[in-house]
Amino acid sequence: MTLSRTARWTTGWLFAAAWALSFPLFSTLGPHRLWGWCAAAGYLGAAAATALGRRRTALAAALLGAVAVPLLWLVLTGQGQSEVAVIERSGRLLLESGRVYVDGPAHVGEYTPYLPGMALLGVPRALLGGDGSGDGWAVRLLGDARIWCAAALFGCLWAARRLLVGGVCCPSWWLRRSWPCPWR
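Residues numbered from 1 in each chain as written. Predicted model: local features only at pLDDT ≥ 70, side-chain atom pairs only at ≥ 80, totals over all residues. Heavy atoms only, no water.

(A) Fine view of the packing of aromatic side chains. Under the definition given, this model contains four aromatic pairs. On the numbers, 5.9 Å between centres and 40° between planes, the contact of Trp-9 with Trp-13 is tilted. Within this pair, Trp-9 and its partner Trp-13 are both found in helix H1 (residues 5-26), separated by four residues, close to a single helical turn. Owing to a relative accessible area of 44%, Trp-9 belongs among the partly exposed residues under this scheme. Geometrically, the ring pair formed by Trp-19 and Phe-23 is edge-to-face, given 5.6 Å between the ring centres and 85° between the ring planes. Residue Trp-19 and its partner Phe-23 are both found in helix H1; the two are separated by four residues, about one turn of the helix. Relative accessible area serves as the criterion here: at 57%, Trp-19 is assigned to the exposed category. The partly exposed category is assigned to Phe-23, whose relative accessible area is 23%. (Phe/Tyr/Trp six-rings, centres within 6.5 Å; stacked < 30°, edge-to-face > 60°. Helix = DSSP H or I, 4+ residues; strand = E, 2+ residues; numbered from the N terminus. Buried < 20%, exposed > 50% of the residue type's maximum accessible area, 1.4 Å probe, protein only.)

(B) Broad picture of the packing of helix H2 (residues 30-51) against helix H3 (residues 55-77). Interaxial distance between H2 and H3 falls to 7 Å at its minimum, and their mutual angle equals 165°. When the axis of H2 is compared with that of H3, the two are roughly antiparallel. Between H2 and H3 the crossing geometry is right-handed. Mapping the contact onto sequence places Pro-31, Leu-34, Trp-35, Cys-38, Ala-39, Gly-42, Tyr-43, Gly-45, Ala-46, Ala-49 and Thr-50 in H2 and Thr-57, Ala-58, Ala-61, Ala-62, Gly-65, Ala-66, Val-69, Pro-70, Trp-73 and Leu-74 in H3. For the contact of H2 with H3, a count of residues per class yields 16 nonpolar, five polar and no charged. (Axes fitted to C-alpha atoms, helices over the stretch in contact; angles between N-to-C directions. Parallel < 35°, antiparallel > 145°, perpendicular 65-115°, else oblique. Left-handed = near helix turned anticlockwise from the far one by under 90°. Contact = heavy atoms within 4.5 Å. Nonpolar A, V, L, I, M, F, W, Y, C, P; charged D, E, K, R; others polar.)

(C) Structural view of the side chain of Asp-144. With respect to the element layout, Asp-144 can be found in the loop between helix H6 (137-143) and helix H7 (145-165). Assessed through its relative accessible area of 4%, Asp-144 is described here as buried. Within the structure, Asp-144 has its side chain in polar contact with the side chain of Arg-146 (distance 2.8 Å). Apart from the residues lying within four places of it in its own chain, the contact partners of Asp-144 are Val-75, Val-84, Glu-88 and Arg-125. (Polar contact = N/O pair within 3.5 Å; in protein donor to acceptor, adjacent residues only side chain to side chain.)

(D) Broad picture of H2. If you check H2, its first and last C-alpha atoms are 32 Å apart, about what 22 residues at 1.5 Å a residue would give, namely 32 Å. Among the residues making up H2, those that are buried are Pro-31, Gly-36, Cys-38, Ala-39, Ala-40, Gly-42, Tyr-43, Ala-46, Ala-47, Ala-49 and Thr-50. Buried residues along H2 sit in contact with H1 and H3. Backbone geometry just downstream of H2 places Gly-53 in the positive-phi region, at approximately 80°. (Expected span 1.5 Å × (residues − 1).)

Below, the structure is given as structure tokens:
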């Protein structure tokens, strides 16, 4: 028995909702718990929309629940994992000293596990100043490293799609051979 495409997508969204729901049930970290509740709601909404034949609505529900709502809430309330502070500290160090690593880190908070390019995502916080908690919402939003990480991610996804679908990866010599483009 083969499931229809709608049934497969609905099942996939339901599995994603179950996975997301495990975070608030088993994690003790506040940001993980918040993301889990929001994502589970978004994925359940996506499953319902898919079952009703509304694919674009399903995608919007999933993106709102799993990405936009928790990201904006965590940024605007100043909550986050230690990775955010590490990236922002690296950006500050880059501007102040031209280096992103602390010589001889004394404790875990001074250790930078990322490659130097990651510090560029922390530069906006260093330029705007503040630590992100007591500042106005615009400074918190525009200075937060997570916003710049998301912008870099979506920029790379857009560029990859342009390369793959736009013909760069399926040049005319490929298509002249009557071979189907594997990315179309």
